Amino acid sequence: MKTVRTVEELREARRSLAGEVGLVPTMGALHDGHLALLAAARAENDAVVMSLFVNPAQFDEASDLAAYPRDEERDLQVAAEAGVAVVFAPSAEELYPSGYQTWVEVEAAAQGLEGDLRPGHFRGVATVCLKLFTLVQPTRAYFGQKDAQQVAVVRALVRDLALPLEIRVVPTVRDVDGLALSSRNGRLGPAERGRALALPRALDVGAEAYRRGDDPVAAATAALDGLTPDYVSLLDLDGALVLAAAARIGTTRFLDNVILEGDLA
Ligand code: PAF
């Protein structure tokens, strides 16, 4: 596995890859959810490129950026074991050099839910994804279902700018207790973790209600067990209907969703 840190080195490493290339964009702190993305990318492509970049442009709170978990040594080991051919781990200055001034704004898909709660978040995501797509020129890029609105934003970006790649969505990976895996879960103490579990449970209650013909949002909201949500909402993702919810416990935000109808893949 090659680790490259500059645009120049990435271009050179990319030229040495033959056939179809899968890109897995990450911010590191790799967990089994990332391993599922890497496994899907390996299965469907000749080579896998993984980016490892905590993108400052998508953080709306400096404290969240500062607290974001980082362990590059471990991440590189995990990536090598997962069969990644090239890791792109640039500095912030490499991707946003002095004088940087070009940003990508996706409109409708980036509005509401996370877009309203985290101003500028999806502008940062869309910009870094476009830059990674342009640099890596992948055949396919892999994203997790957990960040369903991010999937909608990235799909809109690819569709609107006619980018020549396919976006693949990999189902959410959960811990045995049902909590969706997230790089931020490590910040939770045991009591907070117990409270966070109300989110996936409530979404299951919402999905059951939908199957019975009842209102999934009302049912999930009522089942939150005292947890105050940032939102519980339906999201139409290119024809798939998703019940999405987010909540904050202490300083940590959690997102989760279940598919009510259709398919995100
Ligand atoms: O989902 C993430 O980890 C990030 O938003 C992404 C796609 C790597 C862009 O920085």
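For the structure, check the block above.
The rules behind each value
- Residues numbered from 1 in each chain as written.
- Predicted model: local features only at pLDDT ≥ 70, side-chain atom pairs only at ≥ 80, totals over all residues.
- Heavy atoms only, no water.
- Helix = DSSP H or I, 4+ residues; strand = E, 2+ residues; numbered from the N terminus.
- Buried < 20%, exposed > 50% of the residue type's maximum accessible area, 1.4 Å probe, protein only.
- Contact = heavy atoms within 4.5 Å.
- Near = heavy atom within 4 Å.
- Polar contact = N/O pair within 3.5 Å; in protein donor to acceptor, adjacent residues only side chain to side chain.
- Salt bridge = Lys/Arg side-chain N within 4 Å of Asp/Glu carboxyl O.
- Phe/Tyr/Trp six-rings, centres within 6.5 Å; stacked < 30°, edge-to-face > 60°.

**Q** Just give me the short version of the environment of Leu-237, but keep the residues and values in it.
**A** By secondary structure assignment, the location of Leu-237 is in strand β7 (residues 229-237). Residue classification places Leu-237 among the buried residues on the basis of a relative accessible area of 0%. Residue contacts for Leu-237: discarding those within four places in its chain leaves Ala-148, Val-151, Ala-152, Arg-155, Val-242 and Leu-264.

**Q** Go over the site of the ligand with me, naming the residues and quoting the values.
**A** Every residue near the ligand is listed here: Pro-25, Thr-26, Met-27, Asn-55, Gln-58, Val-128, Phe-143 and Gln-150. Contact between the ligand and Gln-58: an oxygen atom at 2.6 Å from a side-chain N or O atom of the residue.

**Q** I'd like a description of the pattern of salt bridges, backed by residues and values.
**A** If you walk through the whole model with that rule in mind, you get 20 salt bridges. The residue Arg-118 makes a salt bridge to Asp-60 at a minimum N-O spacing of 3.2 Å. Separated by 58 residues along the polypeptide, Arg-118 in the loop between α6 (114-117) and α7 (121-136) and Asp-60 in the loop between β3 (47-52) and α3 (62-67) bring together distant segments of the chain. Glu-61 is the salt-bridge partner of Arg-248, the closest N and O atoms lying 3.4 Å from each other. Taken together, the residues Arg-248 in strand β8 (residues 240-249) and Glu-61 in the loop between β3 and α3 connect sequence positions 187 residues apart. Each member of the salt-bridge network shares a partner with another, and the members are Glu-20, Glu-44, Arg-140, Glu-166 and Arg-168.

**Q** Give a description of the packing of aromatic side chains that names residues and reports values.
**A** This structure, assessed with the given rule, holds six aromatic pairs. On the numbers, 6.2 Å between centres and 40° between planes, the contact of Phe-53 with Tyr-96 is tilted. Taken together, the positions of Phe-53 in the loop between β3 and α3 and Tyr-96 in the loop between α5 (92-95) and α6 put the pair 43 residues apart, joining distant regions of the chain. Under the relative-accessibility criterion, Tyr-96 is labelled buried at 15%. With a centroid separation of 6.4 Å and an interplanar angle of 90°, the aromatic rings of Phe-133 and Phe-143 are classed as edge-to-face. On the criterion of sequence distance, the pair formed by Phe-133 in helix α7 and Phe-143 in strand β5 (residues 140-144) is long-range, its members being ten residues apart. You can call Phe-133 buried: its relative accessible area is 5%. Owing to a relative accessible area of 4%, Phe-143 belongs among the buried residues under this scheme. Aromatic rings pair up to connect Phe-53, Tyr-96, Tyr-100 and Trp-103 into one cluster.

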